[in-house]
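Residue-level structure breakdown
Below are the chains, spelled out letter by letter.
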Amino acid sequence: MEMNLLQEATEFITSCYQELHKTQSEIDDRISDIAQQIQLDGTYSHLAFEIDYGAKVAWRNSNRCIGRLFWDQMHTFDQRHLETEEEIFMAIVEHMKYATNQGRIRPTISIFPPKSHKHHVRIWNHQLIRYAGYQTENGIIGDPSSIEFTEKCIELGWEPQYGRFDILPIVIQINDNLPKLFELPKSSTLEVEIRHPEFEWFQDLELKWYGVPLISDMALEIGGLRYTAAPFNGWYMGTEIGARNLADEERYNMLPKIASCMGIDTKSSISLWKDKALVELNIAVLHSFREDGVSIVDHHTAAQQFKKFEEKESESGRNVTGNWAWLIPPMSPATTHIFHKPYKNDIVKPNYFYQAKPYS
Ligand code: HEM
Ligand SMILES: N=C(Nc1cccc(CNC[C@@H]2CCCN2)c1)c1cccs1
C-alpha cells in the first residue's frame, strides 16, 4: 500500500530512534516537528545523524549486496548545502580522494540536496570513474557498456580520445539546466595495471582497471525523501572485474585471447578453455590489486564475510533479505554457502533504488 510522506517519515524515525536507543518522547517530539515542517513546507529535512544512519541502513537493506558485513562502517559527507554544479564537482573530487586513501579504500557516501520543488540534482554517470566506449566503422573501442553515455558526452562537447581506457567526464545536471561537464584530475583516479604472478606474457595484454567503484546513478530513499544524487563507494570483489568487466563478450571479451596465449585449444568447449582463462584472469586481477596495495576481496572471502553478516543480523533480531541470483558470485558460485540456501527478496526501506536515466 502507498504511504504518504508523513507515514514514511514516521516509520523511519521510529525504527531509527529505537535502534539508536532514544526514548519514546524523543520519537514523539521529532515526529510532531516533522509533521509541522511538512504542513508548512510540503517536505522536511533530516538531521545529520538521521541521514548518516539512514544511508548505512540503506546499505544493510541492499538485497543484491554481498559486502554488507561492514554496513555500519561507512563515512558520510553531508553535502546538502551545495547549490552549483562546480561545488558539487569539487565535493565529488574530495569524496574520491578520501575514499581512495592511497589504496586503503574507505566505504564513503556523499549526499547532495534531495529532490524537492526547488531543485533536482542528477549525476548522469553510472559510476564516477568509468571507461569510454566508441562504436567505429572498424569495430568497438573501449568499454561497450559506455557507448551510449560516451556519445552523450561527445554531444555535450567532450573531446573523444578513441583509446581503450579513456576516463569519462563527470556530467552534473541541476533541474532542467544544460548539464555541465568536468574532467577528473589524474590524481583522483587510481588505476591498477593487470599482470599475472606466473605468466610473463599477461602484461603484454595491456589490461588495467580503476581501483574504486563509485556508483553515482542510484537514488537513496530515507523516510520518504529521495536523494537523487548520493554517490557511494566500497571496494571491488575481484570477479566483478575478472569475471564480468574484462570477460563478458559484450564487455572487453578477453577470454579467447587469454586462452590462446595459454596455448589451449579454443575450438571446442570440452577443453574448458573458457574456464581456464577465467581463473587465470581472476588470479591476475587479485594479484595486481594486492601487490599495488589497493583494497579488493576475493569471492570466497566475500562469501564468508556475508555469512558473518547473516549471523550478526540474526543476533540483532533482524531478518536478512537478499537477491540470491545477484548474491552468488559469477565464478564458482556453488563453492560458496550462498548458493546452497534461499533468500527472501523483500524490499525494505531505507534503500538504494534505480532511477530513470536523466537522458534519452
Ligand atoms: C565495501 C565493499 C563492498 C563490496 C565488496 C560490495 C560488493 C558488491 C557486489 C559484488 C555487488 C554486485 C554488483 C554487480 O554484480 O554489478 C554489489 C551490489 C550492490 N551493493 Fe555492494 N559492496 C560493497 C559496499 C557497498 C556500499 C558501501 C554500498 C552502499 C552504501 C553498497 C550497495 C550496493 C547496492 C545498492 C548494490 C546493488 C546494485 C544494483 O542493483 O545494480 N555496496 N555489492
Ligand atoms: N563493489 C561494488 N560493486 C558494485 C556495487 C553496486 C553496483 C555495481 C554495478 N552494478 C551494475 C553492473 C552493470 C550491470 C550488472 N552490473 C557494482 C561497489 C560499488 C559501489 C560500492 S560497492
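Residues numbered from 1 in each chain as written. Chains lettered and ligands numbered in written order. Predicted model: local features only at pLDDT ≥ 70, side-chain atom pairs only at ≥ 80, totals over all residues. Heavy atoms only, no water.

The next subject is the confidence of the model for the protein. Detail in the predicted coordinates should be disregarded across regions flagged by low pLDDT. In the predicted model, the protein carries a mean pLDDT of 97, and 100% of its residues have values of at least 70. Two numbers describe this predicted complex: its pTM, 0.98, and its ipTM, 0.99. (pLDDT = per-residue confidence, 0-100.)

In this section: a nonpolar patch on the surface. Taken together, the side chains of Leu-20, Leu-47 and Phe-49 define a hydrophobic patch exposed on the protein surface, amounting to about 220 Å² of accessible area. Secondary-structure assignment places Leu-47 in the loop between α2 (24–41) and α3 (48–60). (Patch = residues over 30% accessible without salt bridge, like charges linked within 9 Å, V, L, I, M, F, W, Y side chains within 5 Å. Areas by Shrake-Rupley, 256 points an atom, 1.4 Å probe, with all protein chains shown as cover. Salt bridge = Lys/Arg side-chain N within 4 Å of Asp/Glu carboxyl O. Helix = DSSP H or I, 4+ residues; strand = E, 2+ residues; numbered from the N terminus.)

Turning our eyes to something else, we now look at helix α4 (residues 85–100). The end-to-end C-alpha separation of α4 is 22 Å, in line with the 22 Å expected for 16 residues at 1.5 Å each. Along α4, the residues that are buried comprise Glu-85, Ile-88, Phe-89, Ala-91, Ile-92, Val-93, His-95, Met-96, Ala-99 and Thr-100. Downstream of α4 by a residue or two, Asn-101 has a phi angle that is positive, lying close to 50 degrees. (Expected span 1.5 Å × (residues − 1). Buried < 20%, exposed > 50% of the residue type's maximum accessible area, 1.4 Å probe, protein only.)

Attention shifts here to unusual backbone geometry. Cis peptide bonds are those with omega within 30 degrees of zero, and the linkage from Lys-349 to Pro-350 qualifies with 0 degrees. Residue placement: Pro-350 occurs in the loop between α10 (324–327) and β16 (351–354). A positive phi angle, near 50 degrees, is found at Asn-175, a position not held by glycine. Mapped onto the secondary structure, Asn-175 falls in the loop between β6 (170–174) and β7 (180–182). Residue classification places Asn-175 among the partly exposed positions, given a relative accessible area of 30%.

Quick look at the coordination of the iron atom of ligand 1 now. Looking at the iron atom of ligand 1, one finds just one donor atom contributed by the protein, Cys-65 (SG), at 2.4 Å. Looking at where Cys-65 falls in the secondary structure, it is placed in the loop between α3 and β1 (75–78). (Donors = N, O, S within 2.8 Å, 3.2 Å for Na, K, Ca; no water.)

Let's shift gears to the nonpolar core. Residues Ile-92, Leu-207 and Leu-281 are the most contacted members of the largest nonpolar core, which totals 52 residues. Elements that contribute at least two residues to this core include exactly α4, β3 (121–123), β6, β9 (208–210), α6 (238–245), α7 (255–261) and α8 (273–291). With seven residues, α8 is the largest single contributor of residues to this core. Beyond its immediate sequence surroundings of up to four residues, Leu-207 is in contact with Arg-164, Phe-165, Glu-193, Ile-194, Phe-202, Leu-246, Met-254 and Leu-281. Cys-16, Ile-51, Leu-220 and Val-297 belong to the second-largest nonpolar core, a separate cluster that totals 42 residues. (Core = buried A, V, L, I, M, F, W, Y, C linked by side-chain atoms within 4.5 Å. Contact = heavy atoms within 4.5 Å.)

Applying the stated criterion across every chain yields a total of 21 aromatic pairs. Between Phe-306 and Phe-309, the aromatic rings sit 5.7 Å apart at their centres with planes inclined by 35 degrees, giving tilted as the arrangement. Taken together, the positions of Phe-306 and Phe-309, both in helix α9 (residues 299–315) and three residues apart, correspond to about one turn of that helix. You can call Phe-309 buried: its relative accessible area is 2%. (Phe/Tyr/Trp six-rings, centres within 6.5 Å; stacked < 30°, edge-to-face > 60°.)

Lining the immediate environment of ligand 1, one finds 17 residues, of which Trp-59, Arg-64, Cys-65, Phe-232 and Tyr-354 sit closest. A distance of 3.4 Å separates a nitrogen atom of ligand 1 from a polar side-chain atom of Trp-59. The side chain of Tyr-354 places a nitrogen or oxygen atom 2.6 Å from an oxygen atom of ligand 1. Every element with two or more residues in the shell around ligand 1 is listed here: β13 (232–233) and β16. Of the residues that constitute the shell around ligand 1, the class distribution is 12 nonpolar, three polar and two charged. (Near = heavy atom within 4 Å. Polar contact = N/O pair within 3.5 Å; in protein donor to acceptor, adjacent residues only side chain to side chain. Nonpolar A, V, L, I, M, F, W, Y, C, P; charged D, E, K, R; others polar.)

With that settled, the discussion passes to the side chain of Gln-355. With respect to the helices and strands, Gln-355 occurs in the segment after β16. Separated by 3.2 Å, the side chain of Gln-355 and the backbone oxygen of Asp-217 make a polar contact. Within the structure, the side chain of Gln-355 is placed 2.9 Å from the backbone oxygen of Thr-228, a separation counted as a polar contact. Residues contacting Gln-355, with those up to four places away along its chain left out, are Arg-122, Asp-217, Met-218, Ala-219, Arg-226 and Thr-228.

This brings us to the layout of surface pockets. Taken as a whole, the second largest pocket spans an internal volume of roughly 560 Å³. Around the second largest pocket, the lining is made up of 28 residues, and of these Glu-11, Asn-61, Val-348, Lys-349 and Pro-350 lie nearest the centre. When contributions to the lining of the second largest pocket are tallied by element, the ones reaching two or more residues are α1 (5–19), α3, β11 (218–222) and α9. The element best represented in the lining of the second largest pocket is α1, accounting for five residues. Across the lining of the second largest pocket, the residue classes tally to 11 nonpolar, six polar and 11 charged. (1 Å grid on protein atoms, 1.4 Å probe; cavity = no way out; pocket = protein on both sides within 12 Å on 5 of 7 lines; lining within 4 Å. Points joined across faces, edges and corners; volume = space filled by probe spheres on them.)

With that settled, the discussion passes to the site of ligand 2. The immediate surroundings of ligand 2 are formed by His-126, Pro-213, Ile-215, Phe-232, Asn-233, Gly-234, Trp-235, Tyr-236 and Glu-240. Between ligand 2 and Trp-235 there is a distance of 3.0 Å, counted from a nitrogen atom to a backbone nitrogen or oxygen. Glu-240 is positioned with one of its side-chain polar atoms (N or O) 2.6 Å from a nitrogen atom of ligand 2. In isolation ligand 2 offers 520 Å² of accessible surface; the protein chains occlude 62% of this area. Each residue belonging to the shell around ligand 2 can be placed in one class, and the counts come to five nonpolar, three polar and one charged.

With antiparallel pairing, the three strands of this open sheet are ordered in space as β3-β6-β7. A strand with exactly one partner marks an edge of an open sheet, and here the two such strands are β3 and β7. With strand direction ignored, the average angle separating the axes of adjacent strands in the sheet is 20 degrees. With three bridges joining them, β3 and β6 adopt antiparallel strand pairing. Residue Ile-123 lies in a different strand from β6, and its bridge partner there is Ile-172. (Pairing = 2+ DSSP bridges. Axes fitted to C-alpha atoms, helices over the stretch in contact; angles between N-to-C directions.)

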